Amino acid sequence: SSAASDVYKRQDEIVDLIVETVMCKSDKVLIASNWYSGALVRGKFMKLDYSHVEYVLHCLEGNTSKIKNIKKYLLAALFNAPSTISGYYRAEVNHDMPWLAR
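Residues numbered from 1 in each chain as written. Predicted model: local features only at pLDDT ≥ 70, side-chain atom pairs only at ≥ 80, totals over all residues. Heavy atoms only, no water.

K.L.:
Please explain the pattern of salt bridges as it appears in this structure.
P.N.:
Close approach of charged atoms lets side chains of opposite charge pair. Going through the model one piece at a time under the given rule, you end up with 1 salt bridge. Between K71 and E20 there is a salt bridge whose closest N-O contact spans 2.6 Å. Of the two residues, K71 sits in helix α4 (residues 70–96) while E20 sits in helix α1 (residues 2–23), which places them 51 residues apart along the sequence. Looking at E20, the relative accessible area reads 44%, which means it is partly exposed. (Salt bridge = Lys/Arg side-chain N within 4 Å of Asp/Glu carboxyl O. Helix = DSSP H or I, 4+ residues; strand = E, 2+ residues; numbered from the N terminus. Buried < 20%, exposed > 50% of the residue type's maximum accessible area, 1.4 Å probe, protein only.)

Below, the structure is given as structure tokens:
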């Protein structure tokens, strides 16, 4: 179906961005208006897995704000995904199923 094709296309675009970032040899990388060492960024991106990509796509789908630069947005979302994924899903569960909130 076309919807499934769109999902695969977005996943492929994110994987391409991850590969581009990991292969970048720069000493510094700009993410969300902050400069980080290239080694730190490459290390974080090497630890990303499918759940992180799925999470970033889920956040993107729920975003209603104007995104001026999608590449910068996705770089920041991927960079922060390992640090924010658990809190995000915990907040979703707490909202949708308050009886499970701790």
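K.L.:
Help me understand the side chain of Q11 in this model?
P.N.:
You can see Q11 is positioned in helix α1. Classification of Q11 as buried rests on a relative accessible area of 14%. Setting aside anything within four residues of it in sequence, one finds Q11 in contact with Y50 and L57. (Contact = heavy atoms within 4.5 Å.)

K.L.:
Whenever I open this one, helix α3 (residues 50–62) confuses me. Can you help?
P.N.:
In an α-helix, one turn spans 3.6 residues, which is why side chains three or four residues apart end up on the same side. Here α3 is 13 residues long and its end C-alpha atoms lie 18 Å apart, about the 18 Å a rise of 1.5 Å per residue gives. Of all the residues in α3, the buried ones are H52, V53, Y55, V56 and L57. (Expected span 1.5 Å × (residues − 1).)

K.L.:
Could you clarify how one ought to interpret unusual backbone geometry in this entry?
P.N.:
As a rule of thumb, non-glycine residues mostly have phi less than zero, and peptide bonds are mostly trans rather than cis. Even without glycine at this site, A32 takes up a positive phi of about 50°. Residue placement: A32 occurs in the loop between β1 (28–31) and β2 (34–37). Exposure remark for A32: the relative accessible area of 49% places this residue in the partly exposed category. We note that S33 has phi near 65°; this positive angle belongs to a residue other than glycine.

K.L.:
Explain the packing of aromatic side chains to me, please; I cannot follow it from the model alone.
P.N.:
Describing an aromatic ring pair means giving the distance of the ring centres and the angle of the ring planes. Inspection of the entire model under this criterion finds 1 aromatic pair. Summarising the aromatic geometry, the rings of Y36 and F79 are spaced 4.6 Å apart at their centres and angled 40° between planes, so their arrangement reads as tilted. Residue Y36 is found in strand β2, and its partner F79 is found in helix α4; the two are separated by 43 residues along the sequence. Above the ring of F79, the side-chain terminus of K44 is found at 4.1 Å from the ring centroid. (Phe/Tyr/Trp six-rings, centres within 6.5 Å; stacked < 30°, edge-to-face > 60°. Lys NZ or Arg CZ within 6 Å of the ring centre and 35° of its normal.)

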